[in-house]
Amino acid sequence: MDEKVTLRVGPAVRRRRRALELTLAAVAERSGLSVPFLSQVENQRARPSLRSLEAVADALETTAVELMDSVDPAHTVEVVRAGPESPGAKEVRTLIPGHHQLEALEFTGDHDEGREQVHRNDELLYVVEGSAEVEAEGRAHRLGKGDTLYLTGGVRHRWRATGPDTRILVITVADHVATDEDTRD
């Protein structure tokens, strides 16, 4: 029995078809599948079997694996559940698992990120509980509960939590995301 492929493959099929400047009718003829079915796949109203996806991929001069790899992750919904609380424990928890445009970490306890850091993209540091000291571009900043520090990409900085009950949320734009400077000629 063929397993069904994720509904999200439709936009990847459409992008590939349009890149090759093919009509649905041309892909239907090449793949042996019907135009209505292909339309439903592209509009995420039908899930192709793996066998059907391979036929579509052949018609689009690619592979099923390449189509699945190009699935748009923008529609991902993930829930990260809170772990058991350990008062005073030093922990780092990833809040956005996987490969996405944002990265988020929650630091709990007395952390000392003493080494200087420079990130390619923007970063936000939010103090949920407790306090932190941040040195950025040679200036010291003391942050308390509810305070936020925003750093643009390229700012040299280091930070440390100043107590065992401190919780800090650090959100960064992932390094693989292009910046405005990357796109300038």
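A brief structural summary. The model shown is predicted, which means the values in this text are computed figures rather than measured ones. Each chain carries its own residue numbering, running from 1 in the direction its sequence is written. The model is predicted, so local features are restricted to residues of pLDDT at least 70 and side-chain atom pairs to those at 80 or more, both for listing and for counting; the totals for chains, interfaces and linings are taken over all residues. Based on all heavy atoms of the structure, the side-chain values leave hydrogens and waters out of the count.

### Here we look at helix H4 (residues 50-59)
Buried residues of H4: Ser52, Leu53, Val56, Ala57 and Ala59, and no others. Buried residues of H4 fall within an arc of 160 degrees about the axis and therefore sit on the same side. Counted as exposed and oriented over 90 degrees from the buried face of H4: Arg51 and Asp58. It only takes one pair of heavy atoms within 4.5 Å for two residues to be counted as in contact. Only DSSP runs of H or I reaching four residues or more are called helices, and only runs of E reaching two or more are called strands; each is numbered from the N terminus. As for H4, its buried residues are in contact with helix H1 (9-19), helix H2 (24-31), helix H3 (35-42) and helix H5 (64-69). With a 1.4 Å probe rolled over the protein chains alone, any residue whose accessible area is under 20% of its type maximum counts as buried; one over 50% counts as exposed, and the rest are partly exposed. The arc in question is formed by the directions pointing from the helix axis toward the C-beta atoms.

### Overview of the sheet that holds strand E7 (residues 148-151)
Backbone-to-backbone hydrogen bonds pair the strands of a sheet. The strands run either parallel or antiparallel. What makes two strands pair is DSSP finding at least two bridges between them. The sheet built from five strands is open, its strands ordered E1-E2-E9-E4-E7 with antiparallel pairing. Only two strands of the sheet have a single partner each, and these edge strands are strand E1 (91-94) and E7. Neighbouring strand axes in the sheet, compared pairwise and without regard to direction, differ in orientation by 15 degrees on average. Here strand E4 (residues 123-129) pairs with E7 via four bridges, running antiparallel. Counted as the bridge partner of Tyr126 is Thr148 from E7. Helix axes are fitted only over the stretch in contact, all axes being lines through C-alpha atoms; the angle between N-to-C directions runs from 0 to 180 degrees.

### As for unusual backbone geometry
In this structure, Glu21 takes a positive phi of about 55 degrees despite not being glycine. Look at Glu137: it is not a glycine, yet its phi comes out positive at around 50 degrees. Take Glu137: it is sitting in the loop between strand E5 (131-136) and strand E6 (139-144). Residue classification places Glu137 among the exposed residues on the basis of a relative accessible area of 53%.

### Regarding the pairing of E6
Sheet topology places E5 next to E6; six bridges connect them, and they run antiparallel. Within the sheet, the bridge partner assigned to Ala136 lies in E6 and is Arg139. Between the antiparallel neighbours E5 and E6 lie two residues, among them Glu137 with a positive phi of about 50 degrees.

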